Every structure is written in structure tokens, then in C-alpha cells.
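Structural characterization, general
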Amino acid sequence: MHEFDLIIKNGTLVDPEKRRITVGHLGISGGKIAAITREDIRGRHEIDAGLAIVCPGFIDIHAHVDGYLYAAQCMVRQGVTTSVGGNCGFGPLDLQSFFDGLERDGFPLNQAMLIGHSFTLREKAGAVDPYAPATPEQVDCMLSLLEEAFDQGAIGLSFGLEYAPGTSFDEVLALSQVAARYGKLIAVHTRTDSWPGLGALKEAVRITEFTGAPVQVSHLVYQVGMGMMIQALEILDRAVRDGLDVAADSGMYHAFATFIGSPVYDEGCLEKWGCDYGDLFVATGKYAGQRCTREIYQELRANYKNDVVVAFACREAEVYQALLPGYVMVSTDGAVGSPQPGTGHPQDSGTYPRFFQKMVREQGSLSLVEAVRRCTLLPAERLGLLNKGRLKIGADADIVIFNLDRITDRADYPGIGRPDAPPEGINYVLVNGEVVVENGRLLEHAKPGRPVRAVRRYWRWQ
Ligand SMILES: [Zn+2]
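Being a predicted model, the structure only gives us computed values, none of them experimental.

Here's the deal with the UniProt feature "domain: Amidohydrolase" (unreviewed entry) in the chain
In the numbering adopted here, UniProt assigns the feature "domain: Amidohydrolase" (unreviewed entry) to residues 358–437. Structurally, residues 358–437 comprises 25% helix and 18% strand, and the distance from its first C-alpha atom to its last is 23 Å.

Considerations on the coordination of the zinc ion
Expected angles at a metal are 109.5 degrees for tetrahedral coordination by four donors and either 90 or 180 degrees for octahedral coordination by six donors. Coordination of the zinc ion by the protein comes from Cys88 (SG), His189 (ND1) and His219 (NE2), over a distance range of 1.9 to 2.2 Å. One chain supplies every donor to the zinc ion, and in sequence these donors are spaced C-x100-H-x29-H. Here cysteine 88, found in the loop between strand S7 (80–85) and helix H2 (95–105), pairs with histidine 219, found in the loop between strand S11 (215–217) and helix H7 (220–224); they are 131 residues apart in sequence, far enough to count as distant. Here cysteine 88 matches histidine 219 in class, with each residue buried.

Quick word on a positive patch on the surface
A contiguous patch of positive charge, built from Lys18, Arg20, Arg38 and Lys392, is present on the exposed surface. Along the chain, lysine 18 falls in the loop between strand S1 (3–15) and strand S2 (20–29).

Details of helix H5 (residues 169–181)
Relative to the 18 Å expected for 13 residues at 1.5 Å per residue, H5 spans 18 Å between its end C-alpha atoms, a close match to the ideal helical length. Within H5, burial applies to Glu171, Val172, Leu173, Ala174, Leu175, Ser176, Val178, Ala179 and Ala180. Those residues of H5 that are buried lie in contact with helix H3 (117–125), helix H4 (136–151), strand S9 (156–160), strand S10 (185–189) and helix H6 (196–211). In the segment just after H5, glycine 183 is the residue with positive phi, at about 65°.

A closer look at the pattern of salt bridges
Under the definition given, this model contains 27 salt bridges. Of the charged contacts in the structure, one is a salt bridge between arginine 19 and glutamate 370, with a shortest N-O distance of 3.0 Å. With arginine 19 in the loop between S1 and S2 and glutamate 370 in helix H13 (residues 368–375), the pair connects residues that are 351 residues apart, well separated along the chain. Relative accessible area serves as the criterion here: at 12%, glutamate 370 is assigned to the buried category. Where arginine 42 meets aspartate 40, a salt bridge forms, and the shortest distance between an N and an O atom there is 2.9 Å. A single salt-bridge network, built from bridges that share partners, covers Arg19, Glu370, Arg373 and Arg374.

Focus: the packing of aromatic side chains
Scanning the entire structure with this criterion turns up 20 aromatic pairs. Note on phenylalanine 169 and phenylalanine 210: the rings are 6.0 Å apart at their centroids and 65° apart in plane angle, and the pair reads as edge-to-face. Remark: phenylalanine 210 occurs in helix H6 and phenylalanine 169 occurs in helix H5; sequence separation between them is 41 residues. Each ring, one from tyrosine 182 and one from tyrosine 458, has its centre 5.3 Å from the other, and the planes form 25°; the classification is stacked. One end of the pair, tyrosine 182, is in the loop between H5 and S10; the other, tyrosine 458, is in the segment after strand S21 (451–452), with 276 residues separating them in the sequence. What makes tyrosine 182 buried here is its relative accessible area of 8%.

Observations regarding the sheet that holds strand S13 (residues 256–259)
What holds strands together in a sheet is hydrogen bonding between their backbones, with the strands either parallel or antiparallel. Spatially, the three strands line up as an open sheet ordered S13-S15-S14, and their pairing is antiparallel. Here the strands that pair on one side only, and so sit at the sheet edges, are S13 and strand S14 (280–282). Direction aside, neighbouring strands of the sheet carry axes that sit 30° apart on average. Where S14 and strand S15 (residues 308–311) come together, three bridges link them in antiparallel fashion. Across the sheet, residue valine 282 finds its bridge partner in S15, namely valine 309.

Looking at unusual backbone geometry
Backbone geometry places asparagine 10, a non-glycine residue, at a positive phi of 55°. Tracing the backbone through its elements, the reader meets asparagine 10 in strand S1. A relative accessible area of 27% places asparagine 10 in the partly exposed class.

As for the domain arrangement of the chain
A common way to report how large an interface is uses the accessible area buried once the components associate. The domains assigned to the chain are domain 1 (3–55 + 395–443), domain 2 (58–252 + 313–383) and domain 3 (255–312). For domain 1 versus domain 2, the distance between C-alpha centres works out to 26 Å. Contact residues are listed per partner, giving 37 residues for domain 1 and 34 residues for domain 2. Both sides together, the interface formed by domain 1 and domain 2 hides about 2,900 Å², and carbon and sulfur atoms give 70% of it. Put simply, domain 1 and domain 2 have two salt bridges between them. Linking arginine 354 and aspartate 409 is a salt bridge whose minimum nitrogen-to-oxygen distance equals 3.1 Å.

Thresholds applied
- Residues numbered from 1 in each chain as written.
- Predicted model: local features only at pLDDT ≥ 70, side-chain atom pairs only at ≥ 80, totals over all residues.
- Heavy atoms only, no water.
- UniProt positions renumbered as here; feature names shortened; annotations may be inferred.
- Helix = DSSP H or I, 4+ residues; strand = E, 2+ residues; numbered from the N terminus.
- Donors = N, O, S within 2.8 Å, 3.2 Å for Na, K, Ca; no water.
- Buried < 20%, exposed > 50% of the residue type's maximum accessible area, 1.4 Å probe, protein only.
- Patch = residues over 30% accessible without salt bridge, like charges linked within 9 Å, V, L, I, M, F, W, Y side chains within 5 Å.
- Areas by Shrake-Rupley, 256 points an atom, 1.4 Å probe, with all protein chains shown as cover.
- Salt bridge = Lys/Arg side-chain N within 4 Å of Asp/Glu carboxyl O.
- Lys, Arg positive; Asp, Glu negative; His and termini not counted.
- Charge placed at Lys NZ, Arg CZ, Asp CG, Glu CD.
- Expected span 1.5 Å × (residues − 1).
- Contact = heavy atoms within 4.5 Å.
- Phe/Tyr/Trp six-rings, centres within 6.5 Å; stacked < 30°, edge-to-face > 60°.
- Pairing = 2+ DSSP bridges.
- Axes fitted to C-alpha atoms, helices over the stretch in contact; angles between N-to-C directions.
- Domains from an automatic or database assignment.
- Buried area = accessible area lost by both parts, 1.4 Å probe.

This is the structure we're talking about:
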């Protein structure tokens with residue numbers, strides 16, 4: 001009898017492509033799904049799912065793992081098998097050596113990379129003042145760096161316009177036209193948040209209107225979850241209805257994490273959000289776990305610009321509202337500032353468990369198969385990953401096995417709980433057919449993840 005490398009028996013199989021839930025066994029060989037059947041198959045290794053959910057691994061279209069091992073381990077424990085880095089305009093520039101390094105050292109999950117504009121390309125081109133537009137020469141320099149990044153396997157381009165608010169729309173368009181030429185995704189952390197964030201959202205829509213490039217609005221709730229989500233979704237609904245190539249991703253928490261020295265935390269931010277210093281939690285560095293005071297805020301702004309601070313600026317109800325439309329996928333925005341064990345933001349460890357816990361089990365606002373689609377097929381399609389996010393023969397064997405009645409986020413904000421507390425109810429995670437999480441435990445030596453190098457080819461109408 002044929003023996004597979006590994007089989008998963010008695011799974012409740014969730015196929016987001018056919019929108020079907022059924023019961024069966026999976027056979028895996030050579031890192032791919034090789035059989036989906038109810039025949040009594042055999043494997044060198046066997047997992048009995050005991051009717052737990054078996055679905056494609058989660059594809060996190062917006063994170064900042066960017067090669068950092070501990071963050072990747074937290075991610076894989078919450079079911080992420082492919083992470084997209086280089087978001088919000090920052091991340092490595094030399095993707096060739098970045099990917100080579102991952103291949104050489106191994107990594108727990110698959111890693112795709114965007115190339116960041118607002119820090120990475122701008123800095124290399126000498127446009128170091130975030131409040132000033134780049135000169136024409138600097139823009140030209142960025143254009144050739146961008147072509148190079150696409151040659152090295154970048155899956156798209158990311159803007160962090162809120163971090164470089166001096167960026168002119170001409171600068172945005174010049175870069176976007178290059179991305180459009182190759183049909184590459186453009187991830188946009190919009191220029192500002194709250195009420196002015198609605199105008200910034202329209203600017204993001206205009207990028208695809210003017211260039212045709214697919215636009216992905218990043219961490220929607222963190223940009224427009226301060227009381228204007230309905231208006232924001234109206235803007236996006238209309239764009240999608242009009243046939244524009246726009247989608248969005250959003251997380252499961254109502255407090256975002258970013259660098260205290262960035263323009264996000266410029267004077268006036270608290271008034272804009274309707275917050276006090278005490279609504280800011282320090283997530284990394286010497287004050288990790290403490291709430292801000294005016295003094296701590298000023299000291300960090302002056303001397304510890306790269307410390308990460310969490311701002312309780314959004315409304316919890318808008319977290320869920322943001323994830324209702326069918327074009328919004330789940331993302332973590334996790335691993336900002338490469339947090340050490342015990343520090344960071346709960347999104348680093350709890351986003352996907354929390355999504356299934358809250359929106360499927362507790363609220364019933366999304367069906368299981370639709371929720372799985374938002375974490376798997378939808379981002380795979382957005383990224384052009386044809387062998388991921390699908391439960392079918394020949395697809396990469398990136399698999400999550402979890403119990404819907406037990407899946408629970410245990411992570412909490414620094415100072416309240418552990419931001420990196422592992423979730424409950426995720427039994428197994430497989431990456432390229434290899435077990436990385438077994439009975440809820442991370443296998444630290446397991447590094448079957450691969451770089452996801454995209455190819456550069458001209459966009460064609462299909
Ligand atoms: Zn961002």
C-alpha cells in the first residue's frame with residue numbers, strides 16, 4: 001500500500017475555494033498535499049485530527065516579522081504559515097541577501113517581502129526628512145531601486161505615508177506606476193488616521209484609479225477605527241463596486257503599536273484621538289509594561305525613538321465592523337520593533353485565534369468557511385500565490401489543525417498580561433508538510449519555511 005510522508009486522519013476539512021466543509025483524510029508527500037480521501041490511507045507519520053478543523057495555513061498579509069526568529073515562532077503558534085514583511089514602508093532593502101539568509105539558516109514559516117518606500121527606499125535615496133518631498137533625482141533613484149527589488153523577488157511595494165507625511169502624491173504615483181507595470185501589490189499605510197484618515201483613504205483609492213495597480217489598505221481599524229469606520233467602509237465599498245482593484249486588511253485589537261519617535265506620535269496626536277497620556281502603553285525598552293505619563297512620553301520621544309508604544313485610540317466595536325465586508329482579510333501588523341520575549345503587542349501571538357473565537361464562535365458574525373477564506377484564500381489571491389491558501393491536491397502542505405470550540409487568544413497588553421502568551425486550541429501547524437506545532441507545542445528546531453520570491457514580469461490583461 002502506498003505510504004505518504006504524513007497523513008492527517010479524521011479531519012473536518014475546510015476548503016475555502018469550493019466553500020465546502022467535509023470529513024476526510026489528507027495525505028502529504030514532498031511538502032505537498034497529495035491526497036484528500038476517505039480511503040484508509042497510511043503514512044510514515046500519522047496525526048489523528050479527531051474531527052478538529054483542518055484548513056490551509058494562515059497567510060498574514062501584513063506583519064513585521066522580517067526575519068526575526070522569535071516573532072516568527074509566535075506567529076506560527078497562532079497558525080501563520082506565510083508572513084508578508086516589508087510593510088508600512090520599512091524593512092530590508094537587499095532582498096537577495098535577506099532571502100539567501102533565510103534559506104541558509106531556515107525559518108519556521110514562509111516569508112514573502114514587500115519593498116518599503118517610506119523608510120527603506122527613501123533613506124537609500126537620501127530623502128531622509130520625512131516632512132519633505134523627495135527631489136526628482138531622489139525619486140529617480142528610488143525608481144531604479146524599486147526595479148531592483150522586484151528583480152530580487154519583492155512581492156509588492158509598501159507605503160508608510162503616515163511615517164513620511166512630506167511624500168508628495170507625484171512621488172507616490174511615480175513609484176506606483178512601476179509596481180503597476182508588473183501588476184505588483186501596493187500596500188498602503190495611509191497618510192493619516194481618524195477623521196482626516198477618510199481623505200487619506202481616498203488618496204489610497206486614487207493610486208489604483210490612476211495606475212491600475214492593486215491597492216491593499218493596511219490595518220484598516222488602526223487608521224479609521226476611531227469612530228469613522230462606517231464612512232471608511234462606504235469609501236471602500238464604492239471603490240470595489242466600481243470595479244477598482246482595492247482591498248484591505250485589519251486586525252483584532254483596538255490599540256495599535258508603533259515607534260514613539262515616528263510622526264504618528266507628533267504633538268497633537270492625543271487630541272486627535274481623544275486620548276490621554278495614560279492611554280499609551282509602553283511595549284518595549286526601559287519602560288516596557290508601564291503607561292505613559294507626560295514625562296515618559298517626552299523622554300521616549302527625545303531619546304528612545306525606536307521604542308514601541310501602544311495607543312488605545314480605536315473603538316473595539318469597529319474592530320469587528322472592519323472585518324465584515326468580503327474584501328477585508330485578517331492581518332496581525334505583528335512584531336513591530338522586534339519585541340523580546342514578554343514584551344510587544346498581543347497581536348504578535350493572538351490575532352488569528354481571536355478572530356475565530358470572537359467572530360465565528362462568540363458572535364457568529366462570519367461562517368467558519370468564510371472566516372477561513374479571509375485568512376487563507378483571500379490573501380493568497382491578493383498576492384498571486386497559486387499554491388497557497390487552498391486545500392487541494394498539489395497545493396503546498398501549509399496546514400492548521402484547530403478546535404473551533406477551544407480556540408482562544410491568551411495574549412494581553414504589556415503591563416496587563418503577556419503579549420506573547422500562546423493561544424489555546426491550535427493543535428498542529430504544518431509548514432511545507434513538516435510539523436512545526438505539535439499538540440499545541442512549538443518545535444523550536446523545526447524550520448521548514450521558505451522564502452517566497454516573486455517573479456518580475458509585465459502585467460497582462462487576463
Ligand atoms: Zn503600518
